[in-house]
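Summary of the model geometry
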Amino acid sequence: MLKKKEEDEGMVVNPFANLEKSSVLQEARIFNETQPDTKRCRHVLTKILFMINQGETIGTKEATETFFSMTKLFQSQKPVIRRLLYLAIKEMANVSEDVIIVTSSLTKDMTGKEDLYRGGAIRALCRITDSTMIQSIERYMKQAIVDRNPAVASAALVSSVHMLLKGNEVVKRWVNEVQEAVSSENKMVQYHALGLLYHIRSADRMAISKLVAKHTKTSLRSPHATCLLIRIAAKALDDAEPGSATGDLISFLESCVRNKSEMVMYEAARCLGQLGDAKARAITTTAVSTLSIMLNSPKPTLRFAALRALNKMAMQDPSLIQIVNHDLELLITDSNRSIATLAITTLLKTGQENKIDLLMKQISTFMGDIAEEFKVVIVDAIRNLCQRFPKKYPAMLSFLGTALREEGGADFKKAIVEAIINILEENPEAKDTCLGHLCEYIEDCEHVDLAVRVLHLVGVEGSRSTRPNTYIRYVYNRVMLENAQIRAAAITALAKFGASNADLLPSILTLLERGLYDTDDEVRDRSTFYYHLLKEQHKSTIGTYVLNRLPVSIVGLENALLAYTQDESQQDIPFDIKTVPLETSADASRLSISTAGAAATQAAATAMTPSSSAVAAAAKTGASAQDVYAGQTVVDRFSFSFLFVGWRGGGGECGP
């Protein structure tokens, strides 16, 4: 009993769980009592705020009734009730009607002597005030902006920003008061005032330049305001025209890198690393050096922030970050898994080829301890790394195959499958290994869409491999053990094996014949269609409905369609398929489930020139095939195109 009691005491119970809107609004009637109970009113107000923040929708009529009941609480002198009331007014201002009825009460609290009320009253009043009423409180807002109480001044400044973003141009007349607030000794008031001043002058580039020039020469007390000024200066550098004088801005950013505040140092280094200006690039090493110092900080937040900045810089130019690779390698074993994961992904972008094997081993040690979203990030980084170093695919493919057999969610498995497919496309010698990993995966695959995609890939690539009979067992197992959608995709994959390999055709026909008695209509229809199609050996029909190959170059067709859509003079002229070059044997060998490589694209683009000899030769040798395709019936071409779209999408095809 004692142990159970201790367990119950350790549980965290949400007191507002399972709230019903009708019962809470019924409880709100307590506000109408002559002397309402303060404790109960506070509890009901908290319930209303909780429901609204959880996304509960309150009707206009219900909200208006509750809002008018809450106005009775202005008679209470309890600070807690009054401050909760301000929050409730702000949240219900958009759904209630006639909220301006509380304007006088809020104005009274705003100009009163009680500082606990003034800040909340200003926020609530600015929320319910529109452009037609703002002039009535303009004088009070100007006084609040320069108020001695920092809480009141910050409330007025932040509320002014919100009103300005809504289009209230009256706020722009308060520039003098805002400039005075920028000189405040309070750090947050100075930060909020600088933000409001920037929004007021954001439409005037010259005014922004003067603002930056003025405050870069005088040090601001607030590190928050300095960080904001750094961002304004960085944006001014990005917007600056080529050849304009930006030396002062870059000098300011360099000086902030040596600031005492870690926050300012980080912000300046981050902005310097993301600038695209040539002069800024010359001093990027300063930013990298500053961030490398932060990598050794005892604060996890600072280490993580520095890693994020270096990771973004690595996307632009990985060579800049190689000088900190040693520090990144030390962070792989960091106790914080978020930091370790980010260090790994950054190293995968900047690492050297001779250290890839070591990286793969280190990643394998903690893959089971990190969250799902971080696993996806690592897999994407490995896929990009394989494109940089295609010769190191065995180590990366071994890691991906092991990860594919482990437990994980749909996004993680999808990322791995896409990475393996990418390796298969970039490295033809890795085809058998990639198909082997994918075939083992579909033996115990929980995700239907991934299983269908893998079956389609095995049907396209496995049927053209050197050992196609190796994969038939995996495909047919899906016909026997899986649901109808996967069985249908497996039948289509089997048909591809039979169409591409004459020696396997008798066995494939036997397997397809067993599918004629399937319980699902789609599976039976596909089995019947492919069985008779392969048995009667209609070459042209098999090429159209089983192999799904166009008689023209895929890359050439893509380029021709792109040129057709971009040429305005051709908009009224139907697209002519005869303008597309025929598929060559080299194109056919490179045909895959996605777009061809860069070399094939360049070759096809060269062949697209109307005056080139390649097109003329293709026209002479393949005119009959072009004419046959152009002379097909509308129904045949529609079915042909429909199957081609499904093939290009990587999923299983639809039935005939």
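Rules and cut-offs
Residues numbered from 1 in each chain as written. Predicted model: local features only at pLDDT ≥ 70, side-chain atom pairs only at ≥ 80, totals over all residues. Heavy atoms only, no water. Helix = DSSP H or I, 4+ residues; strand = E, 2+ residues; numbered from the N terminus. Buried < 20%, exposed > 50% of the residue type's maximum accessible area, 1.4 Å probe, protein only. Polar contact = N/O pair within 3.5 Å; in protein donor to acceptor, adjacent residues only side chain to side chain. Contact = heavy atoms within 4.5 Å. pLDDT = per-residue confidence, 0-100. Expected span 1.5 Å × (residues − 1). Arc of directions from axis to C-beta. Phe/Tyr/Trp six-rings, centres within 6.5 Å; stacked < 30°, edge-to-face > 60°. Lys NZ or Arg CZ within 6 Å of the ring centre and 35° of its normal. Axes fitted to C-alpha atoms, helices over the stretch in contact; angles between N-to-C directions. Parallel < 35°, antiparallel > 145°, perpendicular 65-115°, else oblique. Left-handed = near helix turned anticlockwise from the far one by under 90°. Nonpolar A, V, L, I, M, F, W, Y, C, P; charged D, E, K, R; others polar.

1. Here we look at the side chain of Ser222
Relative to the helices and strands, Ser222 is located in the loop between helix 12 (205-217) and helix 13 (223-239). With a relative accessible area of 0%, Ser222 lands in the buried category. Within the local environment of Ser222, its side chain forms a polar contact with the backbone oxygen of Lys187, the two atoms lying 3.0 Å apart. Those residues within four positions of Ser222 in sequence are excluded, and the remaining contacts are Lys187, Gln190 and Tyr191.

2. Some details on the confidence of the model for the protein chain
Confidence along the protein chain averages 78 in pLDDT terms, with 83% of residues attaining 70 or more. Long-range and interchain partners of residues 1-7, a stretch whose pLDDT sits below 50, account for zero contacts in this model, where long-range means more than four residues apart. A low-confidence stretch, residues 584-656 stays under pLDDT 50, and its non-local contacts, those more than four residues away or across chains, total 98 contacts.

3. Focus on helix 20 (residues 337-350)
In an α-helix, one full turn covers 3.6 residues, which means residues spaced three or four apart are oriented alike. Between its first and last C-alpha, helix 20 extends 20 Å over 14 residues, near the 20 Å set by a 1.5 Å rise per residue. Most of helix 20 is tucked away, with twelve of its 14 residues classed as buried. The complete set of buried residues in helix 20 reads Ile339, Ala340, Thr341, Leu342, Ala343, Ile344, Thr345, Thr346, Leu347, Leu348, Lys349 and Thr350. Where the residues of helix 20 are buried, they touch helix 18 (300-316), helix 19 (325-330), helix 21 (356-366) and helix 22 (372-388).

4. Considering helix 6 (residues 103-110)
Listed in full, the buried residues belonging to helix 6 are Thr103, Leu106, Thr107, Asp109 and Met110. Looking straight down helix 6, one finds its buried side chains confined to an arc of 160 degrees; they lie on one side. Within helix 6, the exposed residues directed more than 90 degrees away from the buried face are Ser104 and Lys108. Those residues of helix 6 that are buried are in contact with helix 5 (79-92), helix 7 (115-128) and helix 8 (138-145).

5. Some points on unusual backbone geometry
Here the phi dihedral of Asp98 falls at roughly 60 degrees; this positive angle occurs in a residue that is not glycine. By relative accessible area, which is 54% here, Asp98 ends up exposed.

6. A word on the packing of aromatic side chains
Enumeration according to the criterion identifies three aromatic pairs in this entry. Ring centres of Phe67 and Phe68 lie 6.3 Å apart, and the angle between their planes is 85 degrees; this geometry places the pair in the edge-to-face category. In this structure Phe67 comes out as buried when scored by relative accessible area, which is 1%. A residue is classified by how much of its surface remains accessible, and Phe68, at 30% relative accessible area, is partly exposed. Lys375 extends its terminal NZ or CZ atom over the ring of Phe412, reaching a point 5.5 Å from the ring centre. Taking the ring centre of Tyr474 as reference, the NZ or CZ of Arg473 above it sits at 4.3 Å.

7. Digging into the packing of helix 4 (residues 60-70) against helix 5
Put simply, helix 4 and helix 5 touch, their axes get as near as 11 Å, and they point 155 degrees apart. One element, helix 4, and the other, helix 5, form an angle in the roughly antiparallel class. For helix 4 against helix 5, the interelement crossing comes out left-handed. In this structure, helix 4 contributes Ala63, Thr66, Phe67 and Met70 to the contact, and helix 5 contributes Leu85, Ala88, Ile89 and Met92.

8. A short note on the packing of helix 18 against helix 20
Two quantities define a packed helix pair, namely the angle between the helix axes and the distance between the axes. Axis separation between helix 18 and helix 20 bottoms out at 9 Å; the angle between their running directions is 20 degrees. In terms of axis orientation, helix 18 runs roughly parallel to helix 20. Seen from above, helix 18 lies across helix 20 with left-handed handedness. Across the interface between the two elements, Pro300, Arg303, Phe304, Leu307, Arg308, Leu310, Asn311, Ala314 and Met315 of helix 18 pack against Ser338, Ile339, Leu342, Ala343, Thr345, Thr346, Lys349 and Thr350 of helix 20. Among the residues making up the contact of helix 18 with helix 20, the classes are represented as nine nonpolar, five polar and three charged.

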